[in-house]
Amino acid sequence: MLYPIQNAIRNRLDLSGIWDFQTDPQGVGEEHGWFNGLSAARPIAVPGSWNEQYEDLFNYLGLAWYVRHTFVPASWRGQRIFLRVGSACYQATVYVNGERVGSHEGGHLPFAFEVTELLRWDSENTIAISVENELKPTRVPAGNMNTALGPFASYPRTTYDFFPFAGIHRPVILYSLPQSFVEDVTVVTELDGVDGIVQVTAKLNQPVSTTGLLTLSGGETRLTTDLSFTDGVASVSVRVPAARLWSDRDPYLYDLTVETESDRYTLKIGIRTIAVQGKQILLNGKPVQLNGFGRHEDFIASGKGLNLPLMVKDYQLMRWTGANSYRTSHYPYSEEEMQLADREGFLIIDEIPAVSLQFESEEHIAERLRVCLQQIDELVARDKNHPSVVMWCVANEPMPSSLNLSNLSGASADDPTVVRGKQFLDTLLARTRELDQSRLVTLVTVMGGPQSWMEGCDVICMNRYWGWYVMGGQLDEARSALERELDQVWATWQRPVIVTEFGADTMAGMHGHPNVMWTEEYQAEFIRIYLETAAARDYVAGMQVWNFADFAAVQSIMRVGGLNMKGVFTRTRQPKMAAHVLREFWAR
Ligand code: BDP
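The model shown is predicted, which means the values in this text are computed figures rather than measured ones.

Undergrad: What should I look at first to understand the overall build of the protein chain in this one?
TA: On a plain count of helices and strands, the protein chain comes out with 7 helices and 32 strands. Since a compact globule built from 588 residues should have a radius of gyration of about 25 Å, the 24 Å found for the protein chain is in line with a globular shape. For the protein chain, the spread of C-alpha atoms along the three principal axes comes to 70 × 65 × 45 Å. Looking at the protein chain as a whole, 59% of its 588 residues qualify as buried.

Undergrad: What exactly am I supposed to notice about the sheet that holds strand β13 (residues 182-192) here?
TA: In sheet architecture, strand pairing relies on hydrogen bonds along the backbone and comes in two forms, parallel and antiparallel. Spatial ordering of the open sheet is given by β13-β14-β17, a layout of 3 strands whose pairing is antiparallel. A single partner strand is all that each edge strand has here, and the edge strands are β13 and β17 (233-240). Taking each pair of neighbouring strands and ignoring which way they run, the sheet shows an average axis angle of 15°. Taken together, the 10 bridges between β13 and strand β14 (residues 195-204) define a ladder with antiparallel strand orientation. Opposite threonine 189, over in β14, you have valine 198 as the bridge partner.

Undergrad: Help me understand the pattern of salt bridges, please; the structure alone is not making it clear to me.
TA: Opposite charge on two side chains makes pairing possible when the charged atoms of those side chains draw close. Summed over all chains, the structure comprises 40 salt bridges. Two residues, arginine 559 and aspartate 161, come together in a salt bridge whose shortest N-O distance is 2.9 Å. One end of the pair, arginine 559, is in the loop between β31 (551-552) and β32 (563-564); the other, aspartate 161, is in the loop between β10 (125-132) and β11 (167-168), with 398 residues separating them in the sequence. For arginine 479, the salt bridge identified is with glutamate 532, shortest N-O distance 3.1 Å. One end of the pair, arginine 479, is in helix α5 (residues 475-493); the other, glutamate 532, is in helix α6 (residues 520-535), with 53 residues separating them in the sequence. Where salt bridges share partners, they join Asp161, Asp505, Arg559 and Lys566 into one cluster.

Undergrad: Explain the sheet that holds strand β5 (residues 80-85) here, please?
TA: Spatially, β1-β12-β5-β9 is the arrangement adopted by the 4 strands of the open sheet, whose pairing is antiparallel. Taken across any chain shown, the strands that pair with only one partner, and hence form the sheet edges, are β1 (11-14) and β9 (111-114). Averaged over all pairs of adjacent strands, the angle between strand axes in this sheet comes to 20°, irrespective of strand direction. Pairing of β1 with strand β12 (residues 172-177) involves 4 bridges; the strand directions are antiparallel. Each bridged residue has a counterpart across the sheet, and for arginine 12 the counterpart in β12 is tyrosine 175.

Undergrad: Is there a simple way to explain the site of the ligand in this structure?
TA: Near the ligand lie 13 residues; those nearest to it are Asp161, His330, Glu397, Tyr469 and Lys566. Here an oxygen atom of the ligand sits 2.7 Å away from a polar atom, N or O, in the side chain of glutamate 501. Between the ligand and asparagine 564, the relevant distance is 2.9 Å, taken from an oxygen atom to a side-chain nitrogen or oxygen of the residue. In the complex, the protein chains occlude 90% of the 320 Å² of accessible area that the ligand would expose alone. Here the shell around the ligand is composed, by residue class, of 4 nonpolar, 4 polar and 5 charged.

Undergrad: I would appreciate a short explanation of the domain arrangement of the protein chain in the present structure.
TA: Often, the extent of an interface is quoted as the loss of accessible area on bringing the components together. What the domain assignment lists for the protein chain is domain 1 (11-177), domain 2 (182-262) and domain 3 (276-586). On a C-alpha basis, the centres of domain 2 and domain 3 stand 33 Å from each other. If you look at the interface, domain 2 gives 12 residues, while domain 3 gives 17 residues. In this assembly, domain 2 packs against domain 3 so that about 1100 Å² is buried in total across both faces, 59% of it on carbon and sulfur atoms. Its largest share of buried area at the contact with domain 3, domain 2 owes to Trp246, Asp248 and Leu253, together 54% of the area lost on that side. Our count for the contact surface shared by domain 2 and domain 3 stands at 1 salt bridge. Looking at the side of domain 2 that touches domain 3 residue by residue, the class counts come to 8 nonpolar, 2 polar and 2 charged.

Undergrad: Please explain helix α7 (residues 577-586) as it appears in this structure.
TA: Since one α-helical turn is 3.6 residues long, residues separated by three or four positions face the same way. Three or more residues of α7 are buried, namely Ala578, Ala579, Val581, Leu582, Phe585 and Trp586. Take α7 and look down its axis: the buried residues cluster within an arc of 155°, on one side only. Summarising the contacts, the buried residues of α7 are in contact with β23 (290-294), α1 (308-321), α6 and β30 (540-546).

Undergrad: I would appreciate a short explanation of a nonpolar patch on the surface in the present structure.
TA: Together, Tyr469, Ile557 and Met558 line one region of the surface with nonpolar side chains, adding up to about 280 Å² of accessible area. The class of methionine 558 is partly exposed, set by a relative accessible area of 31%.

Undergrad: Looking at this structure, I do not really get empty space enclosed by the protein. What am I missing?
TA: With a probe scaled to a water molecule rolled over the atoms, the places where space remains empty come into view. All told, the structure shown has 5 cavities of 30 Å³ or more when counted by the stated rule. Estimated volume of the largest cavity: approximately 170 Å³. Lining of the largest cavity is provided by 20 residues; of these, Glu297, Gly305, Asn307, Leu310 and Glu337 occupy positions nearest its centre. The element that contributes the greatest number of residues to the lining of the largest cavity is α1, accounting for 3 residues. Each residue belonging to the lining of the largest cavity can be placed in one class, and the counts come to 5 nonpolar, 7 polar and 8 charged. Taken as a whole, the second largest cavity spans an internal volume of roughly 150 Å³. Forming the boundary of the second largest cavity are 19 residues, of which Tyr90, His108, Asn133, Pro141 and Tyr160 lie nearest the centre.

Each value, and the rule that gives it
Residues numbered from 1 in each chain as written. Predicted model: local features only at pLDDT ≥ 70, side-chain atom pairs only at ≥ 80, totals over all residues. Heavy atoms only, no water. Helix = DSSP H or I, 4+ residues; strand = E, 2+ residues; numbered from the N terminus. Rg over C-alpha atoms; globule rule 2.2 N^0.38 Å. Buried < 20%, exposed > 50% of the residue type's maximum accessible area, 1.4 Å probe, protein only. Pairing = 2+ DSSP bridges. Axes fitted to C-alpha atoms, helices over the stretch in contact; angles between N-to-C directions. Salt bridge = Lys/Arg side-chain N within 4 Å of Asp/Glu carboxyl O. Near = heavy atom within 4 Å. Polar contact = N/O pair within 3.5 Å; in protein donor to acceptor, adjacent residues only side chain to side chain. Areas by Shrake-Rupley, 256 points an atom, 1.4 Å probe, with all protein chains shown as cover. Nonpolar A, V, L, I, M, F, W, Y, C, P; charged D, E, K, R; others polar. Domains from an automatic or database assignment. Contact = heavy atoms within 4.5 Å. Buried area = accessible area lost by both parts, 1.4 Å probe. Arc of directions from axis to C-beta. Patch = residues over 30% accessible without salt bridge, like charges linked within 9 Å, V, L, I, M, F, W, Y side chains within 5 Å. 1 Å grid on protein atoms, 1.4 Å probe; cavity = no way out; pocket = protein on both sides within 12 Å on 5 of 7 lines; lining within 4 Å. Points joined across faces, edges and corners; volume = space filled by probe spheres on them.

Here's what the structure looks like:
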């Protein structure tokens, strides 16, 4: 799935803006022809979540309709035209001029439908998209599960710790392609001494035999190679003498253009390799640390909607701390975000929305497995050419039933969900490896979870909360427990370890001497202890603080004001004391 671009041949029309909007709690919209227009519409911003745009929609997760009208440029006539939605949470159906075009399930990933035959050239076209984000046990991530949580239950009833924002979260784009077009490009890079080897496979929309041209350019370099398509597919390998490599320190990008008689597509690529050897992660053959954050796409009013100024600011703040990495916890982030990571040199752990998977019933498992595999396919197809993406992550904190949530221990050996979970997770890891052999693959384990689930990972990724959920207020004991556990995990698996989450909720402006939980001093000390513990262990290949910024969670007795306050920045991006500790460790 290539990102739509504008050039002399291809066109794009971004339909971001104010759309008409109406909720449909009874599900009568389709029957009443709401795709032709809404009778009681109110304005809404696209992209954006609806929950923070209107007070009465805060907790609304049911069906809602978006409608807007647009002309299509006359110059596009004769081309093939597609409508693409960057992300709609969770299930969306698209209608053009009253015709149902198609549906997509699963948030955070793009989908497109061809609409050429449905468009009008002499008048405006009506585009309608219905979206719902109902919480269901069969969805990924799941909601409204029967699990008895007592006072820990949240509202809305998610199985995960972030707000289930709903709506169209990324741009809706109409784009045009020539009749015969480049459908896909796959780029894999290797190194041979100081030379870069760029392997390119280009695929056309038709299984024809024809020729084309590949150009790689950057700085003084300009290399062209003939492409020879058989059944619509051409593969070449280009040697780039003394290549300028892509890295977090020098994120150099080349332009790669695939040209055929009728089409042209250009993308930015980086020449780099990523591998694991013993205790280390190697970027271009040299050890690298993945230091940074778990994050969320989250902000006041825009919710999970693409927010470009915020994105730029967040990168600048991450750099200010000295970070070079983050995980797209707990779902794929926008394509615009991945492009910025390429350009700014961030090392990304790219995650599907499989947060808090449970393995309690055969029926739910089968359905969730289907959705997870679809999400892996769509994510790899979307992000496979980004040099910033160095690792795929197939799950965050899958949970065995026997996990004791009050002390995060207990996954017992005879728990059938441990075995079922292992099968499930191994299937996801295997599918990802099959799709992409050029990157690392992992899953992120929950504290107290079964260590057998780590077996298939290239890098051991662990979320740990010694000193917060367990041993709260006892940072010395927490330090020892962390040290013991890390050493034991290394001894067992002998693979690089990243602590993908560690953190403490902190109310900005609250201070304490001695430090107590929730104060800025406590968070600063907590993070210092984790970073010192890691620095003393050469098998620790990265530390990712939970979280970059405070973010909207669901309401519960665990979350003051409905916020998770483990950010080292507030939700409005002001630093807490802990942000300065990170700078001390990372920006030296
Ligand atoms: C971990 C989850 C993350 C939560 C975090 C927390 O992976 O989504 O937000 O804990 O409790 O269990 O703050």
